[in-house]
Amino acid sequence: MMRFILSKVTGGARLGLLTELQSLSSSTTIETPMCMVYTRGGIAPFVTKDLLAKIANLPKVAHVPLNTLTRHHETAAKFENGLKDFAAMHDFIVYSCVQDSTEQMPVFQNDKTTIAVWGRAGKQKVTVDEYMRIQESVKPDWYQALCDSDANKDSSKKRLRKGVERTLNYLDECLEKHNKSERLKASALFGVLEGGFQRQDRVFSAKETAKRPVAGFCIEGFDNFGPSAEHFQVSDIKHLIKDLVMELPADKPRMMPGVMTPDNVLEAVNAGIDIFDTAYPYFATSRGCALVFNYSLENESSEENKMSIKESPKPFQIDLNDDRYTGDFSPVLEGCTCYVCQRYTKAYVHHLLVTTELLASILLMIHNFHHYFGFFEEIRQSLKAERLDRLYTKIHAQRPKTESSVTKDNDLG
Amino acid sequence: MTAARSALSLKIVSECSVTKARCCKMTLPHHTVDTPVFMPVGTQGTLKGITPEQLEELDCQIMLGNTYHLGHRPGPKLINEIGGLHNFMQWKRCLLTDSGGFQMVSLVKLSEMTEEGVKFVSPHDNSVMMLTPEKSIEIQNDIGADIIMQLDDVVSSTTTGSRVVEAMHRSVRWLDRCIKAHKRPDKQNLFGIVQGGLDAELRTECAKEMVKRDVPGFAIGGLSGGEEKYHLWRMVTLSTDILPKHKPRYLMGVGFAVDLVVCVALGCDMFDCVYPTRTARFGRALVRSGQLQLKNQRYVADMRPIDADCKCLTCRNYTRAFLHSIVTHESVSCSLVSLHNIAFQMKLMSDIRQSIREDRFPQFIRDFFLEMYPTKKYPEWAVDALDSVGVHLNDEFIQ
């Protein structure tokens, strides 16, 4: 069973180590803060595994949301190692969860006994029995307890309270079934913390979940995922997170899905979050954008890159659909060491986008994964070298200057 | 002064002692190609869903680009500026571009053939444009492929009468204009295209006229439309009989496994077709016994790879059941099935070549057909075509 070793805490930020990952070779450990590789149907989006393996700092954890697994579990059950065998993900830790942070979760779809999951076949109502049957087939290394995360800024107190209560009940039921399950005995079960933006509910949810024998915590229910998650600002709730992590034991990992931009990631790291997903690079790829924010504390961004980021309507990325790149023979990101930037020009990726060629998404996903994984590596290195504040300042300086961000810039976590 | 350096040399490595099949080494500016060869089609400067390095790993030696598409986007000037299509798409091996004429006729509704060229209304900005032989070569010179094609007067293979006669003669005249317009004969090889519809006399005349022009290779055109296979093989074998042995013969637009095996026996060296990659995007995987429609419910729990003997990434890692679960839903499945289908085509051609080198191609043909048609219900045209070159599929006693 997975173990979490906390190696260093700076302010609220934690440097940690996930060990005893039984499905990887015994010497393999995973350093946190880290992000997982997003998968759809048990396979990384766009990128075949030979290309995926070439990406530097590739995290060995595959993030498998339930909605993309339509009927997989029926087949995965036939394998001793579940989905890992079925989807040929042998060298990955599999994390299975309820909702997909890249997809908008419609509101008010959950009821007393079922959680709505939106997959290929539309809405599926999942009971706790069904959920645990699916997890037995999937046989993940880690998984989430069934949870009611339908919450956002506008949710009523009643809705939030319901979400917290149901999620705690689901956790108890999942734990009971988990403990009886032969197939899940090596899997780690994470409890889910709910409560929206209500401090009282959040603290209650954290306190109660921490009393249960869970392997880690998953903090969600701030927005309904999908594109709405892009407007979610961790800085708005950093005090709330600080309060609730006070209730959590230090020796268990904390995960927060749907945290997007690098400034938000750093806010969350500063608040004590260890594990993230890769919804952000996936979103950027789906739109034809390349991540170009500069996280290197050694190299200054070229003037040209600074300019294109500043002019980009989205922060931290450039939109390669833009006709300005038609004749641009420079790499996607100057100085980047990824497979794509070593070979291709912006002009080529732009051409692939305007001709709607599949290779556009493949190349952008490779670059965007590489860039995001590299950013997390820099976070870990910065934590070790006690220079996270410098990284924070550097990332914040690249935010587009809107009124709200000006005030936030002075407010270091 | 030495003569202009030739950009193509063809060395015949082995010849089948029964059929007209041969194995050659065709040396081009970017790579030496083993023939008979199948050339996958990368229409817009990319083979859909596959990186050039993956193609190299599959031992693909030459691929196609389409002049009509590339001429429009990103445009010949931009490609020239970045140092050719090879550089733009990062493909180190050989490229072949077509003339753009075929797409003009098949994709553009309003097009008109005149002696000057193909007049057409641009589907992009509705302006009236003209693709002349000179313009086609100019664009292809900018793209910079190892092999470029003459602009020909394309008529549907089912058209008959005076239009076919006109088209054939015009294609010969246009070849002369292309030769004259070609600015990089030392770097790029211009191929003529034998036309003449399904008329044996016209084909013969066209082939004979083409052969008089000293171009590095010849294509057999106008046969990938809706014509019956009955006509196809007769036109092919007639053409290869006239075309010189020391130059490559390229049968345009043909790529089904059965057609490849038969037309290699009839003496063709090069083939291209969008089929293996297009069919992959619809979830169909090629196997020697035909194809698997992976969407089909029957594969939901099929734990075998597409082909247990295939060494491609897809077959090494995934079951039919897993592919069934993502096919047509996750775009990465297009890449996975395309990788397999290209690997299938490459393996087929490499098996063909090896059997020719070992002079057992006739036996290869018999084994291949038996695997594809276990009940021996062989298509009549294939039986006839193979009979004509001494391989008798239905004769039990001759082995």
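These numbers were taken from a predicted model, which means no experiment stands behind them.

S.K.: Before we go on, may I ask you to explain the overall build of chain B in this structure?
M.R.: Within chain B, the regular secondary structure consists of 16 helices and 16 strands. Since a compact globule built from 399 residues should have a radius of gyration of about 21 Å, the 21 Å found for chain B is in line with a globular shape. With respect to the principal axes defined by its C-alpha atoms, chain B has extents near 60 × 50 × 45 Å. For chain B, the residues scored as buried account for 60% of the 399 residues in total. For chain B, contacts bridging at least 24 residues in sequence account for 66% of all contacts bridging at least 6. A total of about 15800 Å² of accessible surface is found on chain B, and carbon and sulfur atoms cover 52% of it.

S.K.: Any chance you could explain the overall build of chain A here in plain terms?
M.R.: Within chain A, the secondary structure is distributed over 14 helices and 16 strands. Compactness check: chain A gives a C-alpha radius of gyration of 21 Å against a globular reference of 22 Å for 413 residues, within 12% of the reference. Expressed as lengths along the three principal axes of its C-alpha atoms, the size of chain A is roughly 60 × 45 × 45 Å. Taken over 413 residues, chain A has a buried fraction of 64%. Within chain A, contacts between residues at least 6 apart in sequence are counted, and of these 71% link residues at least 24 apart. Taking the average place of the 51 positive charges on the side chains of chain A and the average place of its 54 negative ones, the gap between the two points comes to 4 Å.

S.K.: Please clarify how unusual backbone geometry should be interpreted in this entry.
M.R.: In most cases, non-glycine residues show a negative phi, while peptide bonds are predominantly trans. The linkage connecting Thr35(B) with the following residue, Pro36(B), adopts the cis geometry, with an omega of 0 degrees. Relative to the assigned elements, Pro36(B) resides in the loop between strand 3 (32-35) and strand 4 (37-40). With omega at 5 degrees, the peptide bond leading from Arg73(B) into Pro74(B) counts as cis. You can see Pro74(B) is positioned in the loop between helix 2 (67-72) and helix 3 (76-81). Non-glycine residue Asn57(A) carries a positive phi angle of around 60 degrees. You can see Asn57(A) is positioned in the loop between helix 1 (49-52) and strand 6 (61-65). The exposure class of Asn57(A) is partly exposed, given its relative accessible area of 37%.

S.K.: How should the state of the cysteines be read in this particular structure?
M.R.: Defined simply, a disulfide is a covalent bond joining two cysteines at their sulfur atoms. Under the definition given, this model contains zero disulfides over all chains. With no disulfide of its own, Cys218(A) lies 7.0 Å from the sulfur of Cys147(A), the closest cysteine sulfur. Take Cys206(B): it sits in no disulfide, and the sulfur closest to it among the cysteines is that of Cys178(B), at 13 Å.

S.K.: Just checking my understanding: could you explain the UniProt feature "active site" (unreviewed entry) in chain B for this structure?
M.R.: All names here are of chain B. The residues that UniProt annotates with the feature "active site" (unreviewed entry) are Asp98 and Asp272. Despite a sequence span of 175 residues, these residues sit close together in the fold, their greatest C-alpha distance being 10.8 Å. Topologically, Asp98 is positioned in the loop between strand 6 (94-97) and helix 5 (101-107). Exposure remark for Asp98: the relative accessible area of 11% places this residue in the buried category. Each residue touching Asp98, except ones within four places of it in the same chain, is listed here: Gly65, Asn66, Thr67, Tyr68, Gln103, Gln140 and Met149. In this structure, Asp272 sits in strand 14 (residues 270-273). Discounting chain neighbours no more than four positions away, the residues touching Asp272 are Phe38, Met39, Val41, Leu64, Tyr250, Leu251, Met252, Gly253, Val254 and Gly255.

S.K.: Looking at this model, I keep getting lost on the pattern of salt bridges. Mind explaining?
M.R.: Oppositely charged side chains are able to pair whenever their charged atoms sit close together. Counted according to the given criterion, the structure contains 57 salt bridges over all chains. Between Asp322(A) and Arg324(A) there is a salt bridge, with its nearest N and O atoms 3.7 Å apart. Arg324(A) sits in the partly exposed class, given a relative accessible area of 43%. The partner of Lys48(B) in a salt bridge is Glu357(A), with the nearest N and O atoms 2.6 Å apart. Of this pair, Lys48(B) sits in the loop between strand 4 and helix 1 (52-57) while Glu357(A) is found in the loop between helix 11 (346-354) and helix 12 (358-384), placing the two residues in two different chains. Residue Lys48(B) is classed as partly exposed on the basis of its relative accessible area of 23%. A cluster of three or more residues bridged by salt bridges with shared partners is formed by Glu115(B), Asp153(B), Arg163(B), Glu166(B), Arg170(B) and Arg173(B).

S.K.: What's the story with the interface of chain A and chain B in this structure? I'm lost.
M.R.: Many analyses report the size of an interface as the accessible area lost when the parts associate. Counting residues at the interface gives 38 residues for chain A, matched by 40 residues for chain B. Taking both sides of the interface into account, the surface hidden between chain A and chain B amounts to around 3400 Å²; carbon and sulfur atoms contribute 61%. One can count four salt bridges joining chain A with chain B. The interface formed by chain A and chain B contains 16 residue pairs in polar contact (both at pLDDT 80 or more). If you list the elements that add at least two residues to the side of chain A that touches chain B, you get helix 1, helix 2 (72-76), helix 11 and helix 12 of chain A. With five residues, helix 11 of chain A is the largest single contributor of residues to the side of chain A that touches chain B. Classifying every residue of the side of chain A that touches chain B gives 19 nonpolar, 10 polar and nine charged.

S.K.: Help me understand the side chain of Thr102(A), please; the structure alone is not making it clear to me.
M.R.: Residue and element names in this part refer to chain A. If you trace the backbone, Thr102 turns up in the loop between strand 7 (93-97) and strand 8 (115-119). Reaching out from Thr102, the side chain makes a polar contact with the side chain of Tyr38 at a distance of 2.9 Å. Residue contacts for Thr102: discarding those within four places in its chain leaves Tyr38, Arg40, Gly226, Ala279, Tyr282 and Phe283.

S.K.: Would you explain the packing of aromatic side chains in this entry?
M.R.: Two measures describe an aromatic ring pair: the distance that separates the ring centres and the angle between the ring planes. Taken as a whole and judged by the stated rule, the model has 28 aromatic pairs over all chains. The interplanar angle of 20 degrees and the centroid separation of 6.2 Å between the aromatic rings of Phe364(B) and Phe368(B) together place this pair among those described as stacked. Separated by four residues within a single helix, Phe364(B) and Phe368(B) lie in helix 15 (residues 361-372), roughly one turn from each other. Ring-pair connections join several aromatic residues into one group, and the members of that group are Phe276(A), Tyr280(A), Phe293(A), Tyr295(A), Phe316(A), Tyr372(A), Phe375(A) and Phe376(A).

S.K.: What exactly am I supposed to notice about the nonpolar core here?
M.R.: Inside soluble globular proteins, nonpolar side chains tend to come together where they are buried. Leu83(A), Trp142(A), Phe375(A), Ile379(A), Phe271(B), Phe361(B) and Phe369(B) are the most contacted members of the largest nonpolar core, which totals 249 residues. Tallying contributions element by element places helix 12 of chain A first for this core, with 14 residues. Grouped together as the second largest cluster of nonpolar side chains are 21 residues, Val41(B), Leu64(B), Met149(B) and Phe191(B) included.

S.K.: Looking at this model, I keep getting lost on the sheet that holds strand 8 (residues 118-121) of chain B. Mind explaining?
M.R.: Working definition: the strands of a sheet are paired by backbone hydrogen bonds and lie parallel or antiparallel to each other. Residue and element names in this part refer to chain B. Pairing is antiparallel across the open sheet formed by three strands, whose spatial order is 7-8-9. Here the strands that pair on one side only, and so sit at the sheet edges, are strand 7 (111-113) and strand 9 (128-131). With strand direction ignored, the average angle separating the axes of adjacent strands in the sheet is 20 degrees. For strand 7 and strand 8, the ladder comprises three bridges, and the chain directions are antiparallel. Bridging across to strand 8, Ser111 finds its partner in Phe120.

S.K.: Can you walk me through the sheet that holds strand 1 (residues 3-10) of chain A in this structure?
M.R.: All names here are of chain A. Taken together, the three strands give an open sheet; going across it, the order is 1-2-3, and neighbouring strands pair in antiparallel fashion. The open sheet terminates on both sides in strands that have one partner only, identified here as strand 1 and strand 3 (30-32). Adjacent strand axes in the sheet meet at a mean angle of 20 degrees, parallel and antiparallel pairs treated alike. Here strand 1 pairs with strand 2 (residues 13-19) via seven bridges, running antiparallel. In the sheet register, Arg3 faces strand 2, and the bridge partner there is Thr19.

S.K.: I tried to follow the UniProt feature "binding site: substrate" (unreviewed entry) in chain B on my own but got confused; where do I start?
M.R.: Residue and element names in this part refer to chain B. Mapped onto the present numbering, the UniProt feature "binding site: substrate" (unreviewed entry) falls on Asp98, Ser99, Gly100, Gly101, Phe102, Asp152, Gln195 and Gly222. Considering the arrangement of structural elements, one finds Ser99 in the loop between strand 6 and helix 5. Looking at Ser99, its side chain comes within polar contact range of the main-chain nitrogen of Gly101, at 3.1 Å. Mapping Gly101 onto the fold places it in helix 5. On the accessibility criterion, Gly101 (0% relative accessible area) is buried. Aside from chain neighbours lying at most four places away, what touches Gly101 is Leu131, Leu151 and Val154.

Scoring rules and cut-offs
Residues numbered from 1 in each chain as written. Chains lettered and ligands numbered in written order. Predicted model: local features only at pLDDT ≥ 70, side-chain atom pairs only at ≥ 80, totals over all residues. Heavy atoms only, no water. Helix = DSSP H or I, 4+ residues; strand = E, 2+ residues; numbered from the N terminus. Rg over C-alpha atoms; globule rule 2.2 N^0.38 Å. Buried < 20%, exposed > 50% of the residue type's maximum accessible area, 1.4 Å probe, protein only. Contact = heavy atoms within 4.5 Å. Areas by Shrake-Rupley, 256 points an atom, 1.4 Å probe, with all protein chains shown as cover. Lys, Arg positive; Asp, Glu negative; His and termini not counted. Charge placed at Lys NZ, Arg CZ, Asp CG, Glu CD. Disulfide = S-S within 2.5 Å. UniProt positions renumbered as here; feature names shortened; annotations may be inferred. Salt bridge = Lys/Arg side-chain N within 4 Å of Asp/Glu carboxyl O. Buried area = accessible area lost by both parts, 1.4 Å probe. Polar contact = N/O pair within 3.5 Å; in protein donor to acceptor, adjacent residues only side chain to side chain. Nonpolar A, V, L, I, M, F, W, Y, C, P; charged D, E, K, R; others polar. Phe/Tyr/Trp six-rings, centres within 6.5 Å; stacked < 30°, edge-to-face > 60°. Core = buried A, V, L, I, M, F, W, Y, C linked by side-chain atoms within 4.5 Å. Pairing = 2+ DSSP bridges. Axes fitted to C-alpha atoms, helices over the stretch in contact; angles between N-to-C directions.

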